[in-house]
Structures are given as structure tokens and as C-alpha cells.
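# Per-entry structural report
Now for the letters of each chain:
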Amino acid sequence: MINRKYNGFLDVEILNLKFPNPLILAAGILGLTAPLLKRVVYSGAGGVVTKSIGLKSREGYPNPTIVDLGYGLVNSMGLPNPGLKMFIEELEELKGLKVPLILSIYAFSEEELMTMGKIISKLKAVSAVELNVSCPHVGGISEIGKSPELVKSYVKTLKDNLSNKPIIVKLTPNVSDITSIAMAAVNGGADALTAINTVKSMVIDIETGKPLLAGVFGGLSGPAIKPIALRCVYEITETLDVPVFGCGGVETARDVIEFIMAGAVAVQIGSAIARRGLRVFREISIELKRFLELKGFKSLEEVRGLAHRR
Ligand code: SIN
């Protein structure tokens, strides 16, 4: 039985965590320091996911790392982060946060994941872990998310070494059958999934004739990928009874409703913050309530999965 419950108009309980609304900060945007994460919560987010953190620090790629195409962003940051031990200082400041804090992590090996799981088990500020096996352009990570065997094995390793915290696995759309990867994650012990990470892409500088991003390849996010993300959420929830966080191009209440109708339990918001600022959380919440009232729905649960009932 899928582990989620909608109590009121917008509040939602997923994996026994209470989210005051289904609008969650996606990994990668403003998620690297405690003050910024607190600002996102004050701006009305129902939950937050941190930037992906590894066992060791990483500088990431040199500039340029992001290109705004108007219909979406192509980013190629290269997973810059201070490493888990340093990031614990930020997490210490986030104890008592009013909404669930989801720690996004990645690992280059199962040994690294084992060590990380043991450390994270002791972190009180962390409500759940989102395992990033889907960054499309960092070698050693992008390959994991494309292999059902590796996904299952990585998730199982984390499960065996992480006590008392749910595991969410963030999936890549850059595969021919996302459902088989989702199934592998669940078989490995994933409690929930996030669909999707960015779409592998690139931009060419026509003046130089060279790739524009220093990392050559990047990940496309924003409105351009929303139909792909919706299709992925729909395909997964058509087959699996597992909570799925929809992610990819959410900018309006209409987008949220589409994801919930496709079967998502909540959504994650990233690029819209870069495009419209932190006010998106409050604005979308207001629009969402208005939509539910107008259509006579008593909660989001009445909307969830409607697209499957044909
Ligand atoms: C990055 O840091 O380059 C993006 C991370 C991701 O796509 O998962």
C-alpha cells in the first residue's frame, strides 16, 4: 500500500513525514547552506531537498556552468559541494526546521555509500535521503542510474547502512525504460522515487564552434522537460505502488495538478525559482487551493492518479 495521506487541502503525509504543502525545493537550487534553505522554508516550501552531497568535497566544473534557453536551463555544475563532513555543520543549523529536510547524496562507489549511510543515520536534522544516481554529465554517477543491477545494488547498500530514514531514489529520464529502473530501486529497498532528474543535453557556441559548457554536456530542466517528466511519473505509477515525487518544469498550479493527476504524491520545484524567484511557493499554493475549491475537490488525494482512470 502506497505510504501517503492527505489530511487537509494541501498538507500531505508521505513516508510518515508531514509536508504542509506538496511543493518541495528540488535538489541543486539554493540547497548548499543553512541560511538559504531556511529562506526557502520561510518562502512557503512544503519541504526542502539539499544540493547533492558526496563523501568528499568537489569543486565542480569551471564556468560557464549554466545557460538559460528561455524554455529551460541547461546546467552543468559538476556536483560542486563541500563533502559530507563539512556539510554536517549546515545540517546542525537546520535542526528543528518546520518542514522535512531531505538530504540529497551521491556516491562514486558502494564503499562510499556505506560510509555515508552510517554517518547520515546519526544526523537528527535529516528526515529522508534522496539518492542521486542520475546526474547526466558526471562520469561515475550517470552510469549508475542507467543500470537496473547497479541501481538495485546501490540502493540496497544504502538501505543496509542507513537506519530509521526513508530512501528516495532520483531517477534519470535518459533511459529507454524508466519503469525497469524504478522497479530495481524499489527491489533494492527504495521507499519512494523522484522522477525525473535533468535530460542530458548540450549547447554549441556558434562563434567558436565549440561546446558552450565547460563540462560539454549538461542537464536540461524547466518547462521544456515537463511532458517528459509527466510521462515518466505516469509510466512508473501505472506499474508500481510507490510514492513518486514529480520533478521537471513545475512553474504553476496547473503543472502541479498535472503531476498529481499523473500519479505523483507531491512535486519538486527547481528551475522555476531561478526564473521567477522564491515567491513561486506561495503563489502556486494560492493557485492550487483556488483550483481545488473551484473544482469541488476536498483534497489533493481526490486528484491523485486521475489520469490513470480511463
Ligand atoms: C550538477 O551539480 O551538475 C547537477 C547535479 C545533477 O544533475 O544531479
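Notes on the structure follow. (Residues numbered from 1 in each chain as written. Predicted model: local features only at pLDDT ≥ 70, side-chain atom pairs only at ≥ 80, totals over all residues. Heavy atoms only, no water.)

Right, let's talk about the sheet that holds strand β10 (residues 167-171) for a bit. The sheet built from 8 strands closes into a barrel, its strands ordered β4-β5-β8-β9-β10-β11-β16-β17 with parallel pairing. Taken over all neighbouring pairs, the strand axes of this sheet differ in orientation by 25 degrees on average, direction set aside. Pairing of strand β11 (residues 192-195) with strand β16 (residues 244-247), which is carried by 3 bridges, proceeds in the parallel orientation. Its bridge partner being in β16, Ala-195 is matched across the sheet by Gly-246. (Pairing = 2+ DSSP bridges. Helix = DSSP H or I, 4+ residues; strand = E, 2+ residues; numbered from the N terminus. Axes fitted to C-alpha atoms, helices over the stretch in contact; angles between N-to-C directions.)

Okay, the packing of helix α5 (residues 178-188) against helix α6 (residues 226-239) next. Between α5 and α6, the least distance of the axes is 9 Å, while the angle of their chain directions is 55 degrees. As far as their axial angle goes, α6 and α5 are oblique. Crossing angle aside, the handedness with which α5 passes α6 is right-handed. Residues Ile-178, Thr-179, Ala-182 and Met-183 of α5 form the contact with α6, whose participating residues are Arg-231, Cys-232, Glu-235, Ile-236 and Thr-239. For the contact of α5 with α6, the residue count by class is 5 nonpolar, 2 polar and 2 charged. (Parallel < 35°, antiparallel > 145°, perpendicular 65-115°, else oblique. Left-handed = near helix turned anticlockwise from the far one by under 90°. Contact = heavy atoms within 4.5 Å. Nonpolar A, V, L, I, M, F, W, Y, C, P; charged D, E, K, R; others polar.)

Turning to the packing of helix α3 (residues 110-121) against helix α4 (residues 148-161), a few remarks are in order. Packing of α3 against α4 leaves a shortest axis separation of 8 Å and a crossing angle of 30 degrees. In terms of crossing hand, the pair formed by α3 and α4 is right-handed. From α3, Glu-110, Leu-113, Met-114, Gly-117, Lys-118 and Ser-121 reach across to α4, where they touch Ser-153, Tyr-154, Thr-157, Leu-158 and Asn-161. Its residues assigned to classes, the contact of α3 with α4 shows 4 nonpolar, 5 polar and 2 charged.

Okay, the sheet that holds strand β6 (residues 66-68) next. Ordered by their spatial adjacency, 4 strands build an open sheet running β6-β7-β15-β12, and the pairing between neighbours is antiparallel. With one partner strand each, in any of the chains shown, β6 and β12 (199-202) form the two edges of the open sheet. Direction aside, the axes of adjacent strands within the sheet are offset by 35 degrees on average. Pairing between β12 and strand β15 (residues 217-221): 4 bridges, direction antiparallel. When the bridges of β15 are listed, Met-202 appears paired with Phe-217.

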